[in-house]
Structures are given as structure tokens and as C-alpha cells.
Amino acid sequence: MSTPGNGSVLERVRGLVREVAKFGAVGGLGVLVNLGVFNLIRHTTDLQVVRASVIATVVAIATNYLGFRYFAYRDRATSGRTRELVLFAAFSGIGLVIENGVLYTATYGFGWDGSVASNVFKFIGIGTATVFRFWSYRTWVFKALPEARPEAAGPAPGPAPVHRPERRPEPLAEPEPANN
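Let me sum up the structure you'll find in this document. Everything numeric in this text was worked out from a predicted model, so none of it was measured. (Residues numbered from 1 in each chain as written. Predicted model: local features only at pLDDT ≥ 70, side-chain atom pairs only at ≥ 80, totals over all residues. Heavy atoms only, no water.)

1. Concerning the overall build of the chain
Each helix and strand counted, the chain has 4 helices and 2 strands in total. Ordering the α and β elements of the chain from the N terminus gives β-β-α-α-α-α. Residues counted as buried form 29% of the 180 residues belonging to the chain. Here the contacts in the chain between residues at least 6 apart in sequence split such that 73% fall between residues at least 24 apart. When the accessible surface of the chain is summed, it comes to about 12,600 Å², and 64% of that surface belongs to carbon and sulfur atoms. (Helix = DSSP H or I, 4+ residues; strand = E, 2+ residues; numbered from the N terminus. Buried < 20%, exposed > 50% of the residue type's maximum accessible area, 1.4 Å probe, protein only. Contact = heavy atoms within 4.5 Å. Areas by Shrake-Rupley, 256 points an atom, 1.4 Å probe, with all protein chains shown as cover.)

2. Focus on the nonpolar core
By size, the foremost hydrophobic cluster in this structure holds 15 residues, and its most contacted members are Phe23, Phe68, Tyr73, Phe88, Tyr137, Val141 and Phe142. Of all the secondary-structure elements, those providing two or more residues to this core are α1 (9-44), α2 (49-72), α3 (81-109) and α4 (115-141). Once residues lying within four places of it in the same chain are set aside, the contact partners of Phe68 are Phe23, Val26, Tyr73, Arg74, Phe88, Tyr137 and Phe142. Residues Val49, Ala56, Leu103 and Phe121 belong to the second largest nonpolar core, which totals 9 residues. (Core = buried A, V, L, I, M, F, W, Y, C linked by side-chain atoms within 4.5 Å.)

3. Considerations on the packing of α2 against α4
For the pair α2 and α4, interaxial distance at closest approach is 12 Å and the crossing angle is 35 degrees. Between α2 and α4 lies a crossing of right-handed hand. Between α2, through Val49, Ser53, Thr57, Ile61 and Phe68, and α4, the contact on the second element is made entirely by Ser118, Lys122, Arg133 and Tyr137. Within the contact of α2 with α4, the residues separate by chemical class into 4 nonpolar, 3 polar and 2 charged. (Axes fitted to C-alpha atoms, helices over the stretch in contact; angles between N-to-C directions. Left-handed = near helix turned anticlockwise from the far one by under 90°. Nonpolar A, V, L, I, M, F, W, Y, C, P; charged D, E, K, R; others polar.)

4. Looking at the pattern of salt bridges
Inspection of every chain in the model, using the stated rule, returns 5 salt bridges. A salt bridge links Arg69 to Glu84, with the nearest nitrogen and oxygen atoms 2.5 Å apart. Of this pair, Arg69 sits in helix α2 while Glu84 sits in helix α3; the two residues are 15 residues apart in sequence, bridging distant segments of the chain. For Arg69, a relative accessible area of 2% puts it in the buried group. (Salt bridge = Lys/Arg side-chain N within 4 Å of Asp/Glu carboxyl O.)

5. Digging into the environment of Val120
Within the secondary structure layout, Val120 lies in helix α4. Measuring from C-alpha to C-alpha, the distance between Val120 and Leu103 comes to 8.8 Å, with 17 residues separating the pair along the chain.

6. Re the packing of aromatic side chains
This structure, assessed with the given rule, holds 18 aromatic pairs. Aromatic pair Phe132 and Trp135: ring centres 6.3 Å apart, planes at 45 degrees, arrangement tilted. Of this pair, Phe132 and Trp135 both sit in helix α4, 3 residues apart, roughly one helical turn. Among the aromatic residues, ring-to-ring pairing joins Phe23, Tyr65, Phe68, Tyr73, Phe88, Phe134, Tyr137 and Phe142 into one connected group. The ring centre of Phe71 lies 6.0 Å from the NZ or CZ of Lys22, which sits over that ring. Between Lys122 and the ring centre of Phe38, over which it is positioned, the NZ or CZ distance is 5.6 Å. (Phe/Tyr/Trp six-rings, centres within 6.5 Å; stacked < 30°, edge-to-face > 60°. Lys NZ or Arg CZ within 6 Å of the ring centre and 35° of its normal.)

7. Topic: α1
Given a rise of 1.5 Å per residue, 36 residues ought to cover 52 Å, and the 51 Å separating the end C-alpha atoms of α1 matches this to within 8%. When α1 is considered as a whole, its buried residues turn out to be Glu19, Phe23, Val26, Gly27, Gly30, Val31, Val33, Asn34, Leu35, Phe38, Asn39 and Ile41. For α1, the secondary structure elements touched by its buried residues are α2, α3 and α4. (Expected span 1.5 Å × (residues − 1).)

Written out as C-alpha cells, the structure is:
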């Protein structure tokens, strides 16, 4: 099955798998940064859990932007960098609220605020927000370039042939009759 101009379904699935793998590699590094900064702040300062988490999330967002722009989505359109940054910040902000909303609910709604519980719910929040981020980044922030359409089979494009009417020879003049 093939869709005009879009390649086969198998090619599109392979492309999506490559995109998810690159997104996952950048996201995996972001998770390590996020959890590392979160735990560093938690164990070296007296900041509250969610505040420490928000700071860690912001650091991870900055790290992820660099990874997405220069690795995962480097083949995507690069025009409109200001637009891209604004959209990335907006969707990352929504992801930050999702991620830290899960932690906030666990910590202040259910009283699960121990070190292990905080990390578990931070991780669950990251996972939940990641689904939203994947969709929003690929749909709105790092838009795919339009696919090059293969030319139809046939001669290579060139200048259109010039139509020249066929020239017919002029009729020969009939000899004049002799006057005798």
C-alpha cells in the first residue's frame, strides 16, 4: 500500500521508529539530568519537593532542546527559530505542569513524600508528560519538511519543444504557353 507522495506504509513506520528512538535517546538523557538535578537539590538544600522538581525540570528542558534541535530533529525545518523556541517553551511548560502535577498530587494530596516515593512519582510524572511532549514537539515545534516528490517516469524535464508548422514547398510556376 502506498500513499501518493508519502512513501509506503512500511517506510513511514520505519521513519516513525527512527524518530521515536532518537526522541527516546534525547529523552533518556533528559530523564537522567532531571532526576540527577532533582536529587542533588533535594539532598543539598531545604527546598520543598515540588520546587526542587520544577528547577530540575527546567534544567532538563534546556538540555532536551539542544538534543532535539541538533540530534533528533536536525533534519526538520530550521526557519523560524524564534517561533520554534516559543512553541518549545510553551509545550515544555505544559509538560512541566503535567510532570510536577503528578508529584504534587502524590506529595501533598496523599502525603507520599519520602525519598523513594518522590523519585517514583517524579518518574511517573516524567513518563506522563513525555507522551504529551512527543506529540506536541513533532506536530507543532519541529515540523517535518515536505517530502520531495519523485518526478513521473518519462523524459527529463527541459524546455518545452517548439511547434513549428511543416513547411511545404511552393508549387512550381507552370510554364507559359508559347505563341506560335
